[in-house]
Amino acid sequence: MEKKTFYITTPIYYPSDKLHIGHAYCTVATDTIARYKRLCGYDVMFLTGTDEHGQKIEEKAKAAGMTPQQFVDNIVTGEKGILDLWKLMNISNDRFIRTTDPYHVKSIQRIFKKMYDKGDIYKGAYKGMYCTPCESFWTESQLVDGKCPDCGREVHYAEEEAYFFRLSKYAKPVQDLLESGTFLEPASRVNEMINNFIKPGLEDLCVSRTSFSWGIPVDFDPGHVVYVWVDALSNYITALGYLNDEYDDFEKYWPADVHVVGKEIVRFHSIIWPAMLMSLDVPVPKKVYGHGWLVIDGGKMSKSKGNVVDPYVLAEKFGVDALRFFLMRTFPFGSDGNFSNELLINTINIDLANDLGNLVSRTTAMVEKYFGGRLIADRCPDDADSELVEMIKTTKDSYAKHMDEMHPSFALEEVFKLIQRANKYIDETQPWVLAKDEANKARLASVMYNLLEALRVSLVMLSPVMPESCAKALDMIGADDDARSWDNCGRYGVLSETVSVVKGETLFPRLDAEKAIAELEAMNAKAVANDSKPVLPDVTIDEFAKCDMRVVKILECEAVPKSEKLLRFTLDDGSGKPRQILSGIHKFYEPEDLIGKKVAAILNLPSRKMMGLESNGMLLSAVIEKDGKEDLHLMIVSDDTPVGAQLC
Ligand code: MSP
């Protein structure tokens, strides 16, 4: 029989910066559901990728001295980039789409043309307030205190000739879809969409730009590039081969079973995306799930606040499975969750080291000690077993219900009730007392077998979250493929009567909380220091040789009146004529600390005026961002370096 299909997606991430733990949270959750569905026997298509166009990327690339393509390549495929991160986090995506992939570009041009030919895209002029970081135009009424309603940042007036999508035409069918029941979840987000966006009246959407060029060109009107959200949302169908020849499983997997997205992009997925699909005469996805955010001290994680949590640091320190487990166990998926290192360490110690780790190590150690690793076939069941045996049979149903409703944390809660019950069962049955009398051997075998069965079903259910550790633990308790199957997860008596058990490594060692936090802080500081900008594209040796960089001696240095930042330097550059350079480093140095020092400077920059004073060159400094702030160190050279010596 053909397997039932299940198509699940993450949002495609902006490669404008390194990804943080919030992005990893979204991808790990989607991976967990994908693995769970595979376990249940579905033919799963799990898609993730990167959203690589737009003005923000163009600007960031320019600031980094790279082409936009070089810039995104570095973040996506470079060392410790997005692909590396998903590999590290054991993400099981079947496909990875980049919106710069040529097949996607071609499809987008066809999608745009198809909507244009239908009359759903028309040419007009856009006037409005624009938020550059969010790449969104807003109407005055949508602004909050005059700022962007999504990110709270400044917006500016912008005007351009543009194409528009007739979003207004689809207001009614989109509202019906939203109100139909299960399309958008959690249900609380439905009212938010209807009250904030549909009721005030859906306006047509500007879907092309002429003010920048890093986007997919509208092929029938050069100069226009396709609005990045039209480009990005379409990834969910182009990656299956819609209007391209790269793939051919659109018929098989579409409509998607669920698009997993963060709460701030629900609007795009539950209003604009279904309207686009309706225009294309393509069925809408079955579900959009808007999850909550990981926040820090109740606030957003951001580079400028210096509180961005690096998933590499955590995975290195605690192991990938422990990190994945923490993310899935701790935070109800639909709501925001407050991330902290303390919470992470506590979860590892309580759930993984104490509850699960102890159950594995005590059970395997006892089977080794009392039976030499292989159970005898004799049994002696008892009433004391009934509650545990019942839970072995029923936990699967409650677990599955929560997983199917996109609540991995509640599903894990059910598994831990079983694990805790099994630990209590050890205390109740006291195997070490039974072991004292040979006459109890059959009873002891029953107790051990029940524990192994409780472990087996628990590990099968935990495997979508912790694939590697669960596979190792299932090896230890002698579970064959059949014993690992989903069908047998809710059955008792699946392990062989004379199962062989081997005690293995400790899967989740207990952590010394204080020590672990101190180490984490040190690792974070190191990661921030190492988080240097990517290396710029090559220059030729001739280009490099054009820069005249020399050792200069600071003869005089004083603060420039009325400037907080500027210092005025008089320098000996070896030419016999004093040189004046202005440098904005007063925040880092006082004049008296610098007089007499030898530093490095570039001398052949065009002369420019600052605060009415001429500056002829630039002092060289090492600059890094630390805790969201700039940290600067002037390139002071040793005193015996001759003035005028050229840097090469
Ligand atoms: N490129 C768009 C998505 C296009 S999908 C067609 C985008 N990219 S993003 O990189 O900014 O965000 C991707 C996802 O990461 C979003 O779902 C967002 O909610 C999620 N997260 C970003 N920070 C997060 C947290 N702190 N916590 C949880 N998820 C977070 O939006």
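Residues numbered from 1 in each chain as written. Predicted model: local features only at pLDDT ≥ 70, side-chain atom pairs only at ≥ 80, totals over all residues. Heavy atoms only, no water.

Undergrad: So what exactly am I meant to see when it comes to a negative patch on the surface here?
TA: Taken together, the side chains of Asp480, Asp481, Asp482 and Asp487 define an acidic patch exposed on the protein surface. Relative to the helices and strands, Asp487 resides in the loop between helix H19 (467–476) and helix H20 (513–530). (Patch = residues over 30% accessible without salt bridge, like charges linked within 9 Å, V, L, I, M, F, W, Y side chains within 5 Å. Areas by Shrake-Rupley, 256 points an atom, 1.4 Å probe, with all protein chains shown as cover. Salt bridge = Lys/Arg side-chain N within 4 Å of Asp/Glu carboxyl O. Lys, Arg positive; Asp, Glu negative; His and termini not counted. Charge placed at Lys NZ, Arg CZ, Asp CG, Glu CD. Helix = DSSP H or I, 4+ residues; strand = E, 2+ residues; numbered from the N terminus.)

Undergrad: Help me understand a nonpolar patch on the surface in this model?
TA: On the surface, a nonpolar cluster with roughly 310 Å² of combined accessible area is contributed by Val539, Ile541 and Phe544. Of note, Val539 is situated in the loop between H20 and helix H21 (541–545). On the basis of relative accessibility, which here comes to 59%, the residue Val539 falls in the exposed class. (Buried < 20%, exposed > 50% of the residue type's maximum accessible area, 1.4 Å probe, protein only.)

Undergrad: Help me out: how do you make sense of the nonpolar core in this one?
TA: Across soluble globular proteins, nonpolar side chains show a tendency to be buried alongside one another. Trp86, Leu327 and Leu356 are the most contacted members of the largest nonpolar core, which totals 115 residues. Residues in contact with Leu327, not counting those within four places in the same chain, are Ile21, Tyr25, Val28 and Leu294. Listed in part, the 62 residues of the second largest apolar core include Tyr103, Phe112, Val261 and Val266. (Core = buried A, V, L, I, M, F, W, Y, C linked by side-chain atoms within 4.5 Å. Contact = heavy atoms within 4.5 Å.)

Undergrad: Help me out: how do you make sense of the packing of aromatic side chains in this one?
TA: Aromatic ring pairs are defined here through the distance separating the ring centres and the angle between the ring planes. Per the counting criterion, the structure on display carries 28 aromatic pairs. Their ring planes at 85 degrees and their centres at 5.8 Å tell us that Phe112 and Tyr163 sit as a pair that is edge-to-face. Of this pair, Phe112 sits in helix H5 (residues 102–117) while Tyr163 sits in strand S6 (residues 156–165), placing them 51 residues apart in sequence. Comparing Phe112 with Tyr163 shows no difference in burial state: the two are buried. Seen from their ring centres, Tyr116 and Tyr163 are 6.0 Å apart, and the 85 degrees between their planes marks the pair as edge-to-face. Here Tyr116 is found in helix H5, whereas its partner Tyr163 is found in strand S6, with 47 residues between them in sequence. On the basis of relative accessible area, Tyr116 is assigned to the partly exposed category, the value being 33%. Here a set of aromatic residues connected by ring pairs shows up, and it is made of Tyr7, Tyr236, Tyr242, Phe250, Tyr253, Trp254 and Trp273. Taking the ring centre of Phe416 as reference, the NZ or CZ of Arg329 above it sits at 4.8 Å. The ring of Phe371 is capped by Lys441, whose NZ or CZ atom sits 4.8 Å from the centre of that ring. (Phe/Tyr/Trp six-rings, centres within 6.5 Å; stacked < 30°, edge-to-face > 60°. Lys NZ or Arg CZ within 6 Å of the ring centre and 35° of its normal.)

Undergrad: Help me understand the sheet that holds strand S4 (residues 121–131), please; the structure alone is not making it clear to me.
TA: The strands making up a sheet associate through hydrogen bonds between their backbones, and the pairing can be parallel or antiparallel. With antiparallel pairing, the four strands of this open sheet are ordered in space as S5-S4-S6-S8. The sheet terminates laterally at strand S5 (136–138) and strand S8 (205–206), the two strands that pair on one side only. Note that S6 and S8 share two bridges and pair antiparallel. In the strand pairing of S8, Phe164 is matched with Cys206. (Pairing = 2+ DSSP bridges.)

Undergrad: Please clarify how H19 should be interpreted in this entry.
TA: Every α-helix carries 3.6 residues per turn, so stepping three or four residues along brings you back to the same face. Inspection of H19 places Pro467, Ser469, Cys470, Ala473, Leu474 and Met476 among the buried residues, and these make up the whole buried set. If you follow the buried residues of H19, they end up packed against helix H1 (21–39), helix H13 (320–330), helix H14 (341–371) and helix H18 (441–462). Among the residues trailing H19, Gly478 stands out with phi positive, at a value near 70 degrees.

Undergrad: Would you mind showing me how to read the site of the ligand here?
TA: Near the ligand, the surroundings consist of 23 residues, among which Ile12, Asp51, Gly262, Glu264 and Leu294 are the closest. The backbone of Tyr14 places a nitrogen or oxygen atom 3.1 Å from an oxygen atom of the ligand. Contacts to the ligand include Leu294, whose backbone N or O atom sits 2.8 Å from a nitrogen atom. Taking 660 Å² as the accessible area of the ligand by itself, protein coverage stands at 93%. Listed by contribution, the elements that provide at least two residues to the shell around the ligand are strand S1 (5–13), H1, helix H8 (228–233), helix H9 (235–238) and strand S11 (258–262). Considered class by class, the residues forming the shell around the ligand number 13 nonpolar, eight polar and two charged. (Near = heavy atom within 4 Å. Polar contact = N/O pair within 3.5 Å; in protein donor to acceptor, adjacent residues only side chain to side chain. Nonpolar A, V, L, I, M, F, W, Y, C, P; charged D, E, K, R; others polar.)

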